[in-house]
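# Descriptive analysis of the structure
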Amino acid sequence: MKTFTDYLWFNTKKRKELINITGDIAERVAQSGVQEGLCLVSAMHITAAIWVNDEESGLKQDVMDWLEKLAPMGDYRHHLTGEDNADAHLKRTLMHHQALLPVTKGQLDLGPWEQVFYAEFDGQRRKRVVLKILGE
Amino acid sequence: MKTFTDYLWFNTKKRKELINITGDIAERVAQSGVQEGLCLVSAMHITAAIWVNDEESGLKQDVMDWLEKLAPMGDYRHHLTGEDNADAHLKRTLMHHQALLPVTKGQLDLGPWEQVFYAEFDGQRRKRVVLKILGE
Amino acid sequence: MKTFTDYLWFNTKKRKELINITGDIAERVAQSGVQEGLCLVSAMHITAAIWVNDEESGLKQDVMDWLEKLAPMGDYRHHLTGEDNADAHLKRTLMHHQALLPVTKGQLDLGPWEQVFYAEFDGQRRKRVVLKILGE
């Protein structure tokens, strides 16, 4: 059995961003030497998410607008602590903070249009994603 | 360590459907010979999801109506590409596209009412779900 | 390869509760002896979820209020069966019912503020969460 762990670091220029990390993950899968296994991709900060969907600029704007509608910026109890990012916690919750990617014959076993995105909702600071690969 | 990979294919008659795949997965778990492990079930097309919930016709209609309310069909930027299915991408996001099922003593270790559904939001074409089992 | 399985039982006093189970999980990880691996945490009842977010009382109230807004109590087809908890099924769906936690050097490999919560939406009865750890 093989295990492999690595971390991806982000420091986005904007508060909200979608960053395609499929290539970064594929690189780590190759490094790991795992032929058959599972690769966990998980945002370690609680105002960021992982989204598996389409690399299409219109849809990426659509999803960000839609999240703003379902989990808008505004007044929240959380802000009594001095924070201003409760909406980002809710957006992470909607998008889910992790994905588990199958590895088959040494490669990410994704569908034809599946791309993996780091979804930042409270950026402009250093934040991490953990990659953990298990297999043989 | 054992690994097992298989794919389930779907081609639904309707645009939106919920299909119970618990039996199909249980069959693959038996085939895999894994006694203790984890089974990933992941929709490989970005307008479909995996839902773990109740086999009850009323609730299944409720969840489809509710998704229509939170992620309605309509005008989206994505449709400038010629597509008409942005709502299906959003519905997949709400439902999440995958589940990880524990395997204990050679069987799916699910709660008394947990059933696994393939949730199609843009059907009438061939689409796949990957099953990947890891264990011993 | 090591595998470890255990179950956490809950019987909440209120219909809806968020219970921090990070310590309970960390205990099981230590018991398992796994140094490098993955730990599945999954709610086995279909009106409960697992939420990985902040141990902050204001935010915890915010998220419960927000879920009530997106998936309100009310009239649903599911209630024709005699049940009254369709909203709880929808809330579980929004929050997602499981999380997969990396284990690194024998410990839960969580971000600085990541805490794991059992999210109950139809409590006051005995319900279970399964923990399944795979690794070496």
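You'll find the structure just up there.
Before going into details, it helps to say that this report is about the structure given with it.

Procedures and definitions
Residues numbered from 1 in each chain as written. Chains lettered and ligands numbered in written order. Predicted model: local features only at pLDDT ≥ 70, side-chain atom pairs only at ≥ 80, totals over all residues. Heavy atoms only, no water. 1 Å grid on protein atoms, 1.4 Å probe; cavity = no way out; pocket = protein on both sides within 12 Å on 5 of 7 lines; lining within 4 Å. Points joined across faces, edges and corners; volume = space filled by probe spheres on them. Helix = DSSP H or I, 4+ residues; strand = E, 2+ residues; numbered from the N terminus. Nonpolar A, V, L, I, M, F, W, Y, C, P; charged D, E, K, R; others polar. Axes fitted to C-alpha atoms, helices over the stretch in contact; angles between N-to-C directions. Parallel < 35°, antiparallel > 145°, perpendicular 65-115°, else oblique. Left-handed = near helix turned anticlockwise from the far one by under 90°. Contact = heavy atoms within 4.5 Å. Salt bridge = Lys/Arg side-chain N within 4 Å of Asp/Glu carboxyl O. Buried < 20%, exposed > 50% of the residue type's maximum accessible area, 1.4 Å probe, protein only.

### Thoughts on empty space enclosed by the protein
This structure, assessed with the given rule, holds eight cavities of 30 Å³ or more. Reported here for the largest cavity is a volume of approximately 130 Å³. Elements supplying a minimum of two residues to the lining of the largest cavity: β5 (98-104) of chain A, β5 (98-104) of chain B together with β5 (98-104) of chain C. Looking at side-chain class alone, the lining of the largest cavity contains nine nonpolar, six polar and no charged residues. Every residue lining the second largest cavity is listed: A:I50, A:W51, A:V52, A:N53, A:M95, B:R92, B:T93, B:H96 and B:H97. Those elements that place two or more of their residues in the lining of the second largest cavity are β4 (48-53) of chain A together with α3 (86-95) of chain B. Grouping the constituent residues of the lining of the second largest cavity by class yields four nonpolar, four polar and one charged.

### As for the packing of helix α3 (residues 86-95) of chain A against helix α2 (residues 57-70) of chain C
Here α3(A) crosses α2(C) at 55°, and the two axes come no closer than 11 Å. The angle between α3(A) and α2(C) falls in the class oblique. The crossing of α3(A) and α2(C) is right-handed. Contacts between α3(A) and α2(C) pair A:A86, A:H89, A:L90, A:T93 and A:L94 from the former with C:L59, C:D62, C:V63 and C:W66 from the latter. Among the residues forming the contact of α3(A) with α2(C), the class breakdown is six nonpolar, two polar and one charged.

### Quick notes on the pattern of salt bridges
Side-chain pairs of opposite charge can arise where the charged atoms are in close proximity. Enumeration according to the criterion identifies 44 salt bridges over all chains in this entry. For B:D87, the salt bridge is made with B:K91, and the minimal N-O distance between the two is 2.6 Å. Pair noted here: B:D87 and B:K91 are both in helix α3, with a separation of four residues, about one helical turn. As a salt-bridge pair, C:D87 and C:R15 come within 3.8 Å of each other at their nearest N and O atoms. Highlighted residues: C:D87 in helix α3 (residues 86-95) and C:R15 in the loop between β1 (2-10) and β2 (17-20), separated in sequence by 72 residues. Residue C:R15 is classed as partly exposed on the basis of its relative accessible area of 22%. Here the salt bridges do not stand alone but share partners, grouping A:R15, A:K16, A:E68, A:D84, A:D87, A:K91, A:D122 and A:R125 into one network.

So yeah, pure geometry; function would need other evidence.
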